[in-house]
Amino acid sequence: MRGSCRGAFVLLIGWLFLQGQAWCQDGMVITDSESVSSIVSTADHASFEVLAQEFDYAPDVTEACLECHTEASKQVHDTFHWTWMKKVDGVDVGKGKNAFNNYCVSAKGNESCTQCHAGYGWRNEDFEFDAEENVDCLVCHDTTGTYKKSAASSGHPYYEDTTVSGQLQKAVDLQYVAQHVGKPDRTNCLSCHALGGGGNGVKHGDTDLSLLSPEYALDVHMSPEKLNFACQDCHTASEHKISGRYYDRAAFVDDKPNMGRSDRYGSNVSCESCHSAAPHQKRVIDNHTAKVACTSCHIPEMARGPYLTKLSWDWSTAGELKDGKPFVVDADFDGVSHHAYVSKKGTFTWGREVVPEYRWYKGTLEQITYLDEIDPASAPIDVNPPTGDYSDPDARIWPFKIHRGKQPFDTELNHFLPIKLYGRAGTGAFWTEFNWDKALEAGAELNNVEFSGQYDFIETNGYWPIKHMVAPASASLGCEGCHSQQSRLAGISDFYLVGRDRSLWIELLGGLLIVGSLLGVFIHGTTRLIMLRNRQNSDK
């Protein structure tokens with residue numbers, strides 16, 4: 001009996017599995033096939049007299065912009081792109097203060113990070129955050145592709161020809177750029193967001209320079225072959241506040257899944273805002289959206305383009321020298337050359353077409369700060385774990401790039417330590433002096449972090465939600481990706497998943513239900529036949 005029940009149950013699951021495959025293949029996504037058009041500017045900036053001058057200092061360009069756009073700098077000052085931090089539970093959290101990651105660890109101490117700040121000259125505590133002329137208008141509004149910011153000058157553009165990493169970087173013609181500003185496009189955004197963490201594709205497993213002009217198979221939204229979205233078509237803005245996840249706000253609004261594009265202008269981003277919460281016209285698939293994020297099925301792998309993404313970074317190996325000089329060891333991965341070891345940074349691993357890892361997520365990430373005490377015995381430490389679980393109605397299963405790190409912490413005080421990386425000799429900068437004691441002491445001082453002088457390195461996990469590089473529906477994840485013994489959801493174990501999990505009681509109950517249903521059908525059918533025969537006999 002037990003074997004027959006299990007067999008019947010397996011047959012039923014197999015039938016449902018095959019039906020699910022058909023439903024997955026036939027499921028349609030409702031979307032607009034027309035490209036979202038950009039608004040054409042009503043002004044020719046080359047005709048403005050205030051811009052028809054030679055500029056030798058970038059803040060002067062901002063002052064010229066402010067003659068017409070009088071409120072622009074004030075608005076930018078109130079954005080996360082400017083402050084690089086938000087107040088969460090009464091504590092300032094962000095790149096600008098207290099927070100860190102397991103890439104270059106801390107922005108304070110690595111002034112090259114401010115190359116991507118939307119301002120000019122954020123080098124130290126003397127930076128004037130309230131100075132309107134310090135706002136960099138050109139980095140987001142340049143349409144020429146010639147505007148480049150310098151790490152050496154903390155975000156100022158190149159004022160003269162300079163050799164950077166063996167390549168000539170031409171001085172920026174500020175007048176030419178100022179006269180050719182316009183609406184931001186993907187080039188402006190990706191010049192920073194694709195290069196975070198020290199290079200193209202390093203930080204985000206779903207954001208690299210391939211999105212400048214992706215094939216349709218790589219990203220259905222941004223490909224010029226069809227929709228040709230700019231970043232701003234989803235990340236809408238109001239008063240220079242750009243929609244998306246910050247430390248104090250969720251990435252999406254789950255209680256308003258069908259807001260529509262115009263209604264959510266400047267608000268948070270969700271797939272459902274455009275596609276609705278039930279886009280497939282197949283109930284069995286749409287039922288999944290209550291617990292499974294769209295991206296879990298529609299982004300089957302990350303880093304699917306030509307570029308690699310960094311999967312791990314071990315700082316504990318950094319600092320080795322050859323003949324007193326730093327060195328680099330290159331390796332080959334799938335035909336792509338990459339750095340496997342760099343004296344300045346340590347040891348790396350890379351990947352392409354990587355299967356994401358999955359976690360419950362309701363749009364917010366927690367953030368450990370330098371103020372938090374950790375338990376070294378619980379390593380690896382999640383430095384920014386996603387929030388939510390199975391019982392949370394706002395949480396869904398999301399794909400993540402989980403970046404594995406190994407970074408310094410204070411073994412006496414049990415908190416993470418920032419590193420002074422960038423700077424001249426005598427400042428303690430690790431990339432100049434290769435001395436961990438000096439670099440950690442200087443980094444702690446810069447970030448107002450207490451340092452006992454005792455340190456070691458600890459393993460960490462950094463979480464990066466995957467949300468770009470959306471594949472065509474025909475390439476979306478099949479049902480067997482989760483509902484099988486080789487399930488991608490091995491990292492989520494707080495619920496029973498058909499096809500992945502095994503339970504004697506559930507299988508026995510399922511078998512009994514199947515047998516009972518079949519028996520009920522048999523009895524009902526037999527009864528009907530007997531009653532029909534009796535009626536026929538009585539009519540004779």
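Our structure is the block above this text.
First, a word on scope: everything that follows refers to the structure included in this document. (Residues numbered from 1 in each chain as written. Predicted model: local features only at pLDDT ≥ 70, side-chain atom pairs only at ≥ 80, totals over all residues. Heavy atoms only, no water.)

### Here we look at the overall build of the protein chain
Under the convention used in this document: Labels follow the DSSP assignment, with helices taken as runs of H or I lasting at least four residues and strands as runs of E lasting at least two, numbered in each case from the N terminus. Buried, partly exposed and exposed residues are distinguished by accessible area as a fraction of the type maximum, computed with a 1.4 Å probe on protein chains only: under 20%, between the cut-offs, and over 50%, respectively. By the convention used here, residues are in contact when the closest approach between their heavy atoms is within 4.5 Å. We get accessible surface area from the Shrake-Rupley algorithm with a probe of 1.4 Å; when it comes to residues, only the shown protein chains can shield them.
Along the protein chain, the regular secondary structure elements total 13 helices and 15 strands. Looking at the 540 residues of the protein chain, the share that counts as buried comes to 44%. Sequence separation of at least 24 residues holds for 69% of the intrachain contacts in the protein chain that already meet a minimum separation of 6. With an accessible surface of roughly 27,700 Å², the protein chain has 54% of that area assigned to carbon and sulfur atoms.

### Points about the state of the cysteines
The test is simple: In what follows, a disulfide is any cysteine sulfur pair within 2.5 Å.
Summed over the entire model, instances satisfying the criterion amount to one disulfide. Note that Cys116 is cross-linked by a disulfide to Cys192, the S-S spacing being 2.4 Å. Taking the sign of the S-S torsion, about -105 degrees here, the bridge from Cys116 to Cys192 comes out left-handed. One end of the pair, Cys116, is in the loop between strand S2 (91–93) and helix H5 (138–141); the other, Cys192, is in helix H7 (residues 186–193), with 76 residues separating them in the sequence. For Cys192, a relative accessible area of 16% corresponds to the buried category. Free of any disulfide, Cys231 has its nearest neighbouring cysteine sulfur in Cys189, separated by 4.0 Å. We classify Cys231 as buried; its relative accessible area is 17%. Here Cys234 is not disulfide-linked; the sulfur of Cys274 is the nearest cysteine sulfur, at 5.9 Å.

### Some remarks on the environment of Gly196
Position of Gly196 relative to the elements: it lies in the loop between H7 and strand S5 (237–238). A relative accessible area of 18% means that Gly196 is categorised as buried. Counting along the chain gives 11 residues from Gly196 to Thr207, while the straight-line C-alpha distance between them is 9.6 Å. Residue contacts for Gly196: discarding those within four places in its chain leaves Val202 and Lys203.

### Focus: the packing of aromatic side chains
Here a ring pair, both rings aromatic, is described through the centre-centre distance and the interplanar angle of the planes. Defined as follows: Only centres within 6.5 Å qualify two rings of Phe, Tyr or Trp (six-membered ring in Trp) as a pair; their planes then separate them into stacked at under 30 degrees, edge-to-face at over 60, and tilted for everything else. Charge-over-ring placement is defined geometrically: NZ (Lys) or CZ (Arg) within 6 Å of the ring centre, and within 35 degrees of the ring normal.
Evaluated as defined, the whole model comprises 26 aromatic pairs. For the ring pair Phe100 and Phe416, a centre distance of 4.8 Å and an interplane angle of 40 degrees mean the geometry is tilted. Pair noted here: Phe100 is in the loop between S2 and H5 and Phe416 is in strand S14 (residues 415–416), with a separation of 316 residues, a long-range link. Since its relative accessible area comes to 5%, Phe100 is described here as buried. With 4.8 Å between their ring centres and 85 degrees between their planes, Phe127 and Phe129 make a pair best called edge-to-face. Taken together, the ring pairs in this structure connect Tyr103, Trp313, Trp315, Phe348, Trp350, Phe430, Phe434, Trp436, Tyr455, Phe457 and Trp464 into an aromatic cluster. The aromatic ring of Tyr103 is capped on one face by Lys203, whose charged end is 6.0 Å from the ring centroid.

### Quick notes on the pairing of strand S10 (residues 346–351)
Convention followed: At least two DSSP bridges between two strands are required for those strands to pair.
Taken together, the five bridges between strand S7 (residues 309–314) and S10 define a ladder with antiparallel strand orientation. When the bridges of S10 are listed, Thr309 appears paired with Gly351. Strand direction decides the pairing type here: strand S9 (residues 336–342) and S10, joined by two bridges, are antiparallel. Of the residues in S10, the one forming a bridge with Tyr341 is Thr347. Between S9 and S10, which follow one another and run antiparallel, lie three residues.

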